[in-house]
Amino acid sequence: MNLDYHRIKELLGPSAKVVITTHRSPDGDAIGSSLGLYHFLILNGLEVSVIIPDRDPEFLHWMRGHDLITVFESDQEKSKTLINDADVIFSLDYNRLDRIAEMGSRVERASATKILIDHHIDPADYFNFSLSDTTASSTAELVFRFIDSLGWKELLNKDIAECLYAGIMTDTGSFKFSSTSAFTHRVVADLMDVGLVPDKVHNAIFDNSSFDRLQLVGFALSNKFEFDAERGVSIIGISLNEKNRFKYQKGDTEGLVNYGLSVKGAKMAVFLSEELNFTKFSFRSKGQIDVNKIARGYFNGGGHKNAAGGRLDMSLKESINYLKDVIENKITL
Ligand code: 5GP
Ligand code: MN
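Quantities reported herein were computed from a predicted structural model and do not represent experimental measurements. (Residues numbered from 1 in each chain as written. Chains lettered and ligands numbered in written order. Predicted model: local features only at pLDDT ≥ 70, side-chain atom pairs only at ≥ 80, totals over all residues. Heavy atoms only, no water.)

Draft legend 1. Region of interest: the pairing of strand 5 (residues 113-118). Counting buried positions over the 6 residues of strand 5 gives 6, a clear majority of the element. Covered by surrounding structure in strand 5 are Thr113, Ile115 and Ile117 together with Lys114, Leu116 and Asp118, the residues of both alternating faces. The sheet contact formed by strand 4 (residues 88-92) and strand 5 spans 5 bridges and is parallel. If you follow Val88 over to strand 5, its bridge partner there is Thr113. Viewed along the sheet, the connection from strand 4 through helix 4 (residues 103-109) into strand 5 turns out right-handed. Summarising the sheet, strand 5 and strand 6 (residues 129-132) pair through 4 bridges and their orientation is parallel. (Buried < 20%, exposed > 50% of the residue type's maximum accessible area, 1.4 Å probe, protein only. Helix = DSSP H or I, 4+ residues; strand = E, 2+ residues; numbered from the N terminus. Pairing = 2+ DSSP bridges. Right-handed = clockwise from strand over helix to strand, strands pointing away.)

Draft legend 2. Looking closely at the coordination of the manganese ion (ligand 2). All of the protein donors around the manganese ion (ligand 2) are Asp29 (OD), Asp93 (OD), His119 (NE2) and Asp171 (OD); their distances to the metal are 2.2 to 2.4 Å. Motif for the manganese ion (ligand 2), donor spacing along one chain: D-x63-D-x25-H-x51-D. Of the two residues, His119 is situated in the loop between strand 5 and strand 6 and Asp171 in helix 6 (residues 158-171); the sequence distance between them amounts to 52 residues. A relative accessible area of 3% places His119 in the buried class. (Donors = N, O, S within 2.8 Å, 3.2 Å for Na, K, Ca; no water.)

Draft legend 3. Molecular detail of the packing of helix 6 against helix 8 (residues 198-206). Running from amino to carboxyl end, helix 6 crosses helix 8 at an angle of 60 degrees, the nearest separation of the two axes being 10 Å. Between helix 6 and helix 8, the angle falls in the class oblique. Two packed elements cross with a definite hand, and for helix 6 against helix 8 that hand is right-handed. Packed against helix 6, whose contacting residues are Lys158, Glu162, Tyr165, Ala166, Met169 and Thr170, the element helix 8 presents Pro198, Lys200, Val201, His202, Ile205 and Phe206 at the interface. (Axes fitted to C-alpha atoms, helices over the stretch in contact; angles between N-to-C directions. Parallel < 35°, antiparallel > 145°, perpendicular 65-115°, else oblique. Left-handed = near helix turned anticlockwise from the far one by under 90°. Contact = heavy atoms within 4.5 Å.)

Draft legend 4. Broad picture of the site of ligand 1. For ligand 1, the set of nearby residues contains 13 residues, the closest of which are Arg99, His120, Ser282, Arg284 and His304. Contacts to ligand 1 include His304, whose side-chain N or O atom sits 3.1 Å from an oxygen atom. Protein coverage of the free-state accessible area of ligand 1, which is 490 Å², stands at 82%. Looking at the shell around ligand 1, the elements that each hand over two or more residues are strand 10 (279-285), strand 11 (302-303) and strand 12 (307-312). The greatest single-element share of the shell around ligand 1, amounting to 4 residues, is contributed by strand 12. The residue inventory of the shell around ligand 1, partitioned by class, reads 2 nonpolar, 8 polar and 3 charged. (Near = heavy atom within 4 Å. Polar contact = N/O pair within 3.5 Å; in protein donor to acceptor, adjacent residues only side chain to side chain. Areas by Shrake-Rupley, 256 points an atom, 1.4 Å probe, with all protein chains shown as cover. Nonpolar A, V, L, I, M, F, W, Y, C, P; charged D, E, K, R; others polar.)

Draft legend 5. Geometry of the sheet that holds strand 10. Spatially, the 6 strands line up as an open sheet ordered 7-8-9-10-12-11, and their pairing is mixed. At either end of the open sheet lies a strand with only one pairing partner, and these are strand 7 (225-228) and strand 11. Lying on the sheet, helix 12 (residues 291-298) is in contact with strand 9 (268-274), strand 10, strand 11 and strand 12; it crosses strand 12 at an angle near 15 degrees. Lying over the sheet, helix 13 (residues 316-330) contacts strand 7, strand 8 (233-238), strand 9, strand 10 and strand 12, oriented at roughly 160 degrees with respect to strand 9.

Draft legend 6. Highlighting the nonpolar core. Residues Val18, Ile20, Leu41, Phe90 and Phe146 are the most contacted members of the largest nonpolar core, which totals 53 residues. The element best represented in this core is helix 6, accounting for 8 residues. Apart from the residues lying within four places of it in its own chain, the contact partners of Val18 are Leu12, Leu41, Leu46, Glu47, Val48, Ser49, Val88 and Phe90. (Core = buried A, V, L, I, M, F, W, Y, C linked by side-chain atoms within 4.5 Å.)

Draft legend 7. The arrangement of unusual backbone geometry in detail. Despite not being glycine, Lys247 shows a phi value in the positive range, around 50 degrees. Structurally, Lys247 can be placed in the loop between helix 10 (240-245) and helix 11 (256-261). Unusually for a residue other than glycine, Asn300 sits at a positive phi of about 50 degrees. Among the secondary structure elements, Asn300 is positioned in the loop between helix 12 and strand 11. By relative accessible area, Asn300 is classed as exposed at 62%.

Put into structure tokens, the structure is as follows:
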């Protein structure tokens, strides 16, 4: 059901207990939209908690309210109690419960009203209310729309603005991707009007790399980068051993896949990152190549037309072989 803002206002009455959830391996939009909504809801005197399935990268920790986030993986009892006791549960930046891992069954069983705010394709029909728009640049942009539609735009403040901007800016590749609309820029203007300083957020997110991280990026680009000029496909794969060698921290390979797509003639880029028992895939594409379809069809994943992810229970080596087989024999680019 689409959002009934009158009903939503009733649900978000002063004593409501609210839980905000977002997807596994949270990114800038996941954390930014969640904390942006958090800062907005606490203004109404609600009891609000943000729960994430697993930890997020350090470059997102500067956001105000971040220290109040509960991590399901490391604090299961507290998370379960919060989820069970909630009147309203928000699902932000994901639209299927398998995207929140073990948390999914807890959320499914909870008696709370479930509200989806998201911009991924094909939302599950399990939510009571949905604000789902695949044309939106980011979930953070949709949280702005949610606040505006409630008629509470005048409540926007600097904390909300910084978090929402972090989500919009990271999910649009700093306003570069085709999902960036005139409305996206208007939202940013409104956020600046309440005190957002964009360069502060850019610095906090992009100019905070460790030396090891840059060495890892350099290593990956010089030694682990394959470009198939005929098909216009870039592949970059990093093993667990290699990550350990460069003291890998969550988030250190963020953005690497974009180098793959920046090669002249590249139409699709794939980044593979080996974990203990599986390999994680990131896909990016240009134009009509639908990596959401590819990720769904062959890599247990999904996402958007030009940016998607997935995972396979294989080593890096097996994954690269499998990927090449898919590219050469199963799909047309
Ligand atoms: P990234 O490559 O940055 O991890 O993810 C790119 C996009 O794909 C994001 O919109 C993300 O939500 C989606 N995505 C990443 N991993 C998965 C996955 O395992 N399953 C699904 N359904 N979507 C994913
Ligand atoms: Mn997003």
